[in-house]
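Descriptive structure summary
Okay, here's what each chain looks like letter by letter:
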Amino acid sequence: MASAGTMDKITSLCKRRGFIFQSSEIYGGLASAWDYGPLGVELKNNIKSFWWKTMTQLNSNIVGLDASIMMHPRVWVASGHVENFTDPLVDCKKCKLRFRADMIDKKNMEEHKCPECGGELTDPRNFNLMFKTHIGPVEDEGSIVYLRPETAQGIYVNYKNVMQTSRQRIPFGIAQVGKAFRNEITTKNFIFRTCEFEQMEMQYFIHPQEDEKWFDHWMNQRFQYYIDLGIRKSKLRFHEHGPDELAHYAKKAFDIEYEFPFGWKEIEGIHNRTDFDLKQHTEYSGKDLKYLDEATKERFIPYIIETSAGLTRSVLVALSDAYDEEEVDGDTRTVLRFHPLIAPVTVGVFPLVKKDGLADLARDIEKSLREEFTTFYDQGGAIGRRYRRQDEVGTPFCLTIDYQSKEDDTVTLRLRDSMEQRRVNIADLTSRIKEEIRNYRRKD
Ligand code: ATP
């Protein structure tokens, strides 16, 4: 279910339950900057871990890197970002609003007409998206540094360091998760497009003649990743970049798109960056970045297939895909249908009542599960309300400890999606929950 109001509902749920807050809210907020609260940070970390495991742990030829955000300014000259990383902007002479020309209706652009007030638009001007600052005490041309607009360049300039120290041979990949910054003009739709965001990028170094093969490979792998993350297949599709959409470094590019409540939008780019970046860095640094194939003695600059996903944007995918409302007993149940692997809380533990030793038993059970799962203990209010509170934050499993538990060492395991309840032996809880996670399939 998705409607125009769904984003508002998700945004308000995120605030109400501690997923995501407006940055600097007590000062009136900062446009398009967001803070991740207790549940949001768990969700984001779980997605990051899932990506990291998929890319590095499950691929012996992909290794990690954590490069710094600020780099030598020549990096961004070499990469083409100083010259080309621009958006065409137009201003309305009447209402003074500023727009990205490529996001304005074609007719408005032709007529130079403001989409908000009908006033006259200026001609497009190129606006560089990189944030610029100064390093050291003197603010002059020589001290300029940029906040990286993509994590990729940190990988390229380190490719020989990583290859040599981890003894990788082509084909191999370097994975990195980290912050990136873009001075975006159009920031709306909650955390979809922000000036400060996180990327999960993997750069795959290959022989130039194998670019088609590896491009197809990574396209398929990356599509499957979202399905494994629990995202519905019907909400995912590819979009191939036409010649007018290709970035300055790309020979071929496919986006993976997700159908958000506000329409189909890019969530990840898969790019054939050819030898563009390493050639540029060879020229600008004067260092030899060629690869030597020991077997054939061939020397060449590797081609690079890039998979570039947004982490913060993936959080919005997870929230949008999980959000659901259904009628239960004349009431509306709001439920986040996260895959258990990424749910911020995996197991909620409740004593039916506080007295008669049930709270102590419930606390002991909750403690015994902490090593394996993220748990949450709640003894407040009617049991039905406690279930609903956990449904709303996407907790897939809840346990209720009642009087019978004291007699036969069993508890009630309640499943979020179906609301089914089953009696399970306390001793079997860990293995049972793990099995439920392994076999989890979303119904719709
Ligand atoms: P767009 O055309 O939407 O501005 P892009 O094509 O420039 O995006 P890439 O440079 O390919 O985006 O970035 C790779 C990924 O990084 C995107 O698919 C997206 O998930 C994420 N991303 C890029 N810009 C932002 C942003 N401003 N806020 C949040 N995530 C972003």
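Residues numbered from 1 in each chain as written. Predicted model: local features only at pLDDT ≥ 70, side-chain atom pairs only at ≥ 80, totals over all residues. Heavy atoms only, no water.

What to know about the pattern of salt bridges
As a reminder of what qualifies: Whenever a carboxyl oxygen of Asp or Glu lies within 4 Å of a side-chain nitrogen of Lys or Arg, that contact is scored as a salt bridge. Secondary structure elements are taken from DSSP: a helix is a run of H or I of four residues or more, a strand is a run of E of two residues or more, and numbering for both begins at the N terminus.
Applying the stated criterion to the full structure yields 42 salt bridges. Across the pair Lys434 and Glu372 runs a salt bridge, and its minimum N-O distance is 3.1 Å. You can see Lys434 sitting in helix 14 (residues 429–438) and its partner Glu372 sitting in the loop between helix 11 (358–369) and strand 20 (375–377), a full 62 residues away along the chain.

Notes on the side chain of Arg313
Stated formally: For every residue, the accessible area obtained with a 1.4 Å probe (protein chains only) is divided by the maximum for its type, and the residue is called buried under 20%, exposed over 50%, and partly exposed between those limits. Under the convention used here, Asp and Glu are negative, Lys and Arg are positive, and both His and the chain ends fall outside the count. Here a polar contact means two N or O atoms within 3.5 Å. Within protein one must be a hydrogen donor candidate and the other an acceptor candidate, and residues neighboring in sequence count only if both atoms are side-chain atoms.
Among the structural elements, Arg313 can be located in helix 10 (residues 311–322). The charged side chain of Arg313 is buried without a salt bridge, its nearest counter-charge being Glu266 at 5.2 Å. At 2.9 Å, the side chain of Arg313 and the backbone oxygen of Phe192 are in polar contact.

Remarks on a nonpolar patch on the surface
So the rule is basically this: Patches here: salt-bridge-free residues with over 30% relative accessible area, like charges joined within 9 Å, nonpolar side chains (Val, Leu, Ile, Met, Phe, Trp, Tyr) joined within 5 Å. The Shrake-Rupley method, run with a 1.4 Å probe, gives the accessible areas here. Residue values count only the displayed protein chains as cover.
On the surface, Val77, Val82 and Tyr284 cluster together into a nonpolar patch covering about 200 Å² of accessible area. Structurally, Tyr284 is set in helix 9 (residues 276–285). On the basis of relative accessibility, which here comes to 30%, the residue Tyr284 falls in the partly exposed class.

Let's talk about the site of the ligand
We count it as follows: We call a residue near a molecule or strand as soon as one heavy atom of that residue lies within 4 Å of the molecule or strand. In this classification, the charged set is Asp, Glu, Lys and Arg, the nonpolar set is Ala, Val, Leu, Ile, Met, Phe, Trp, Tyr, Cys and Pro, and all remaining amino acids, among them Gly, are polar.
The local shell around the ligand holds 16 residues, among which Glu184, Arg193, Thr194, Glu266 and Ile267 are the closest. Arg193 places a polar side-chain atom, nitrogen or oxygen, 2.7 Å from an oxygen atom of the ligand. For the ligand, a nitrogen atom lies 2.8 Å from a polar atom in the backbone of Thr194. Looking at the shell around the ligand, the elements that each hand over two or more residues are strand 10 (196–206), strand 13 (263–274) and strand 16 (303–310). The element that contributes the greatest number of residues to the shell around the ligand is strand 13, accounting for five residues. A breakdown of the residues in the shell around the ligand according to their chemical character gives three nonpolar, six polar and seven charged.

Brief notes about the packing of aromatic side chains
Rules: Side-chain rings of Phe, Tyr and Trp, where Trp is taken by its six-membered ring, are said to pair if the distance between their centres is within 6.5 Å; with planes under 30 degrees apart they count as stacked, over 60 as edge-to-face, and otherwise as tilted. For a ring to carry a charge above it, either NZ of a lysine or CZ of an arginine must fall within 6 Å of the ring centroid while also lying within 35 degrees of the normal to the ring plane.
Tallied over the full model, the rule gives 18 aromatic pairs. Between Tyr225 and Tyr226 the ring centres are 4.8 Å apart and the planes differ by 85°, which places this aromatic pair in the edge-to-face class. Both residues of the pair, Tyr225 and Tyr226, belong to the buried class. Taken together, Phe192, Tyr258, Phe260 and Phe262 form an aromatic cluster joined through their ring pairs. When the ring centre of Tyr36 is taken as reference, the NZ or CZ atom of Lys44 above it lies at 4.9 Å. Taking the ring centre of Tyr249 as reference, the NZ or CZ of Arg273 above it sits at 3.6 Å.

Shape descriptors only; they carry no functional weight alone.
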